[in-house]
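Tertiary structure, described
Residues per chain are reported as follows:
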Amino acid sequence: MKTISYYLVLAVVLVFMRSIQSQDQDDEDDEPSFDDQLRMLQKQFADHLGLRSYHPMDVLKLKTLLSELGVIDELRTQMIQDRIMCGTCQALIRKLQLNNISVQIIGTAICTLYISLTTLTLSDFCSEVIRINRPILEFIVRESHILTPEYACSVLLQNDNCYYSNPALTWRIEIPEGGPGLKSKILYRMRQGEPPLKILHLSDFHVSFDYAVRSVSDCGYPVCCKRGLGNPLRPHNAGSWGDYNCDVPPWLLGNTMTHINSTHKDIDLIYFTGDIIDHTIWKASKDDNSRKIASTFRVLAESFPNTPILPAIGNHESVPLNVFAPPSIKEEIFSQNWLYELNSKLLTQWIPQESVTTVRSQGYFAVLANFKLRVIVLNNNVCYIYNWWLLYDTSFLKEQLEFLKKELLEAESQGQYVHIVSHVFPGSRECIEPWEVNYNSLITRFAHIIKGQFFGHTHTDGFKVFYSKIDGTPNNVGYNGASLTPFVKYNPNYKVVVVDPDTFDVLDVETYYFNLTEANLHPNRSPRWQLLYSMKEAYRFDQLSPENFDMLAQNLFQNRSLFNQYWRYYVRDGDISLQEGCNSECRTNLISDIIRTESMTSV
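So, here is what we can say about the structure in this document. (Residues numbered from 1 in each chain as written. Predicted model: local features only at pLDDT ≥ 70, side-chain atom pairs only at ≥ 80, totals over all residues. Heavy atoms only, no water.)

Throughout the structure, instances matching the rule amount to seven disulfides. A sulfur-sulfur distance of 2.2 Å marks the disulfide that ties Cys-219 to Cys-224. Across the disulfide from Cys-219 to Cys-224, rotation about the S-S bond amounts to roughly -85°, and the bridge is consequently left-handed. Like Cys-224, Cys-219 is buried. Here Cys-225 engages in a disulfide with Cys-246; their sulfurs sit 1.9 Å apart. Its S-S torsion of approximately 60° makes the covalent link between Cys-225 and Cys-246 right-handed. Of this pair, Cys-225 sits in the loop between β1 (197–202) and α10 (250–263) while Cys-246 sits in the loop between β1 and α10; the two residues are 21 residues apart in sequence, bridging distant segments of the chain. Residue class for Cys-225 comes out buried when judged on its relative accessible area of 0%. (Disulfide = S-S within 2.5 Å. Buried < 20%, exposed > 50% of the residue type's maximum accessible area, 1.4 Å probe, protein only. Helix = DSSP H or I, 4+ residues; strand = E, 2+ residues; numbered from the N terminus.)

Below you can see the structure in the form of structure tokens.
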């Protein structure tokens, strides 16, 4: 039986709806344009989240949501094309600073819109995500000396139409003089006929330790295939080897390591570009993450007992997700020192004691793989736009950039070459300006000794061409390791990087994968791992030079057949991704992403 309160609420809603409809009728010329802007807001938000397809919320429902946030009247004045999301962001930050609205309310509204766009059906995870992040956000809103609506939205959106210059975004480190003309002493030459080095590139495991075969794979949550998660009336079809909506079963991680160990017996070195923890971000805790990280490192160590492993931290390792506080923040509730301390203990089996000091500071380090190759492993998650602490301070990013500069200078003076390993791909609108600009300046200065950059994070198989900030010529290449997880809509993979033993140039990159649909048809046998492609052969390169990658990027704009091949590799022949395809907007974005290494630079 319905209560009186129910009817009162219903009456209020009806009156409110009629008031909006009345406004619509009183302003017929303006309202269709405002409706279009609200549709644009959803598209921009979906693009910002990286959703290739989305289900727009009904405009009337969105108006109700924005009215509850108290920003709809302000947005009616934001009629400049493509600036509706910027205006919404600034209005929300302004109300937050004036204490007119709470972190809880904003977080709930954003999550509500996210659920609608992604057609998820369950929202109880929102309250947990907000609970985990709220103390940090409330502290930053209260204590930050740099937080303004303009600055916050410049950081959070990385949008050309919402960028405002700010000292926190425009600082630069000093770049030392020198370059390719500098004569470096050669320590030694490899013997004639020395075999190339083989480097195993692993990335983005996202191990789902509670994965359950024949659980609900379309569960209405951001990630599925877990015990007790989702409507029990939905099909229980989570496959034995994984699902395109889910993360990696722990036995798949073990199977992959066993396969690699038995198939590639000549691996000399392993780069792991981060992300061990799965996408159940509403359940993250320091104790749980610590156990999962230690367990995964143990699997790696037992699988490759005689091979050095150099792992970068992923943005999923922290608690909360993405959040890496400045060293000046000492409060245990905010600090990630627990993660750095854990890594410093786990990494001692692979790196010398002298390299551990910086791991304890911000999770980065450098080692000599041999007399001639210096590997620099960065924790560039600090630059990630969803690291809330960037709204409090950005100067702490200088510590790693200065460390990178020091290591590059040392390598140059010792006649060594360099590989850089980190998690977040620069230039993908996910890393703030001062990191990207300074990082690119260092790449330009030391391009003659940097022989490869290795990233993860996106789960996609791609590469980046870096260009000289002096004359615009292509001067370096970054490679993405893609992911072992099939989340979302990709086939699992790993890569073998073939490296010249003398110059340490990348000679080839081989990508291995298996088809998840096929593997799940045969649950009692191991997945059929196979070579997807050799980069050198697929693109007919004589060498993997920056110039050849630049030419390939230009050809992708012109040659649709070539792009279709790139798209296949990009999603690793993922069945659902191939079915969805990549339209003209998707194609333009993907190609532009190859040649953009600074997010705020147009291409």
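Next comes the rest of the account.
So, on to the sheet that holds strand β2 (residues 269–272). Taken in spatial order, the six strands make up an open sheet running β3-β2-β1-β10-β11-β12, and their pairing is mixed. This sheet does not close on itself; its edge strands, each paired only once, are β3 (309–311) and β12 (530–534). Taking each pair of neighbouring strands and ignoring which way they run, the sheet shows an average axis angle of 25°. (Pairing = 2+ DSSP bridges. Axes fitted to C-alpha atoms, helices over the stretch in contact; angles between N-to-C directions.)

A word on the packing of aromatic side chains. In this description, an aromatic ring pair is defined by two values, namely the gap between the centres and the angle between the planes. Counted under the stated rule, the structure contains 33 aromatic pairs. Taking 5.0 Å as the distance between ring centres and 70° as the angle between the ring planes, the aromatic pair formed by Phe-541 and Phe-549 counts as edge-to-face. In terms of burial, Phe-541 and Phe-549 fall into one category: buried. Residues Trp-567 and Tyr-570 carry aromatic rings whose centres are separated by 5.9 Å and whose planes lie at 20° to one another, so their mutual orientation is stacked. With Trp-567 and Tyr-570 both in helix α19 (residues 560–570), this residue pair falls three residues apart, about one helical turn. Note on accessibility: Trp-567 and Tyr-570 belong to one class, buried. Taking NZ or CZ as reference, Lys-451 lies 4.2 Å from the ring centre of Tyr-417, over its face. The cationic tip of Arg-587 hangs over the ring face of Phe-563; the distance from NZ or CZ to the ring centre is 5.5 Å. (Phe/Tyr/Trp six-rings, centres within 6.5 Å; stacked < 30°, edge-to-face > 60°. Lys NZ or Arg CZ within 6 Å of the ring centre and 35° of its normal.)

The angle between the axes and the distance between the axes are what describe a pair of packed helices. Interaxial distance between α10 and helix α11 (residues 286–303) falls to 10 Å at its minimum, and their mutual angle equals 20°. By the angle between their directions, the pair α10 and α11 is classed as roughly parallel. Between α10 and α11 the crossing geometry is right-handed. In contact with Leu-253, Met-257 and Asn-261 of α10, α11 contributes Thr-296, Val-299, Leu-300 and Ser-303. The class makeup of the residues in the contact of α10 with α11 is four nonpolar, three polar and no charged. (Parallel < 35°, antiparallel > 145°, perpendicular 65-115°, else oblique. Left-handed = near helix turned anticlockwise from the far one by under 90°. Contact = heavy atoms within 4.5 Å. Nonpolar A, V, L, I, M, F, W, Y, C, P; charged D, E, K, R; others polar.)

Let us look at the nonpolar core. If you look at the biggest cluster of nonpolar residues, it comprises 179 residues, and the most contacted ones within it are Leu-202, Tyr-439 and Tyr-539. When residues of this core are assigned to their parent elements, the largest contribution, eight residues, is made by helix α5 (residues 84–97). Of all hydrophobic cores here, the second largest spans 17 residues; its members include Cys-111, Cys-224, Cys-225 and Cys-246. (Core = buried A, V, L, I, M, F, W, Y, C linked by side-chain atoms within 4.5 Å.)

Attention now moves to the packing of helix α18 (residues 546–558) against α19. Two elements in contact, α18 and α19, have axes separated by 6 Å at closest approach and are oriented at 115°. Taken as axis vectors, α18 and α19 run roughly perpendicular relative to one another. In this structure, α18 meets α19 at a crossing whose hand is left-handed. From α18, Leu-552, Asn-555, Leu-556 and Gln-558 reach across to α19, where they touch Arg-560, Leu-562, Phe-563 and Tyr-566.

Attention shifts here to the sheet that holds strand β7 (residues 450–455). Taken in spatial order, the six strands make up an open sheet running β4-β5-β6-β7-β9-β8, and their pairing is mixed. Two strands bound the open sheet, and with one partner strand each, they are β4 (365–368) and β8 (463–467). The mean inter-strand angle of the sheet, taken between neighbouring strand axes irrespective of direction, is 20°. As paired elements, β8 and strand β9 (residues 474–480) share five bridges and run antiparallel to each other. Across the sheet, the residue bridging to Tyr-467 is Pro-474, located in β9. Running at roughly 150° to β7, helix α15 (residues 433–446) makes contact with β6 (417–421), β7, β8 and β9 of the sheet.

Topologically, Asn-381 is positioned in the loop between β5 (373–377) and α14 (398–413). Residue class for Asn-381 comes out buried when judged on its relative accessible area of 0%. Separated by 105 residues in sequence, Asn-381 and Pro-486 place their C-alpha atoms 22 Å apart. The residues touching Asn-381, leaving out its near neighbours within four places in the chain, are Ile-313, Gly-314, Asn-315, Asn-322, Phe-324, Asn-387, His-423 and Val-424. Of the polar contacts made by the side chain of Asn-381, one reaches the side chain of Asn-379; its length is 2.7 Å. (Polar contact = N/O pair within 3.5 Å; in protein donor to acceptor, adjacent residues only side chain to side chain.)

Interpretation note: all reported values are geometric properties and have no functional meaning in isolation.
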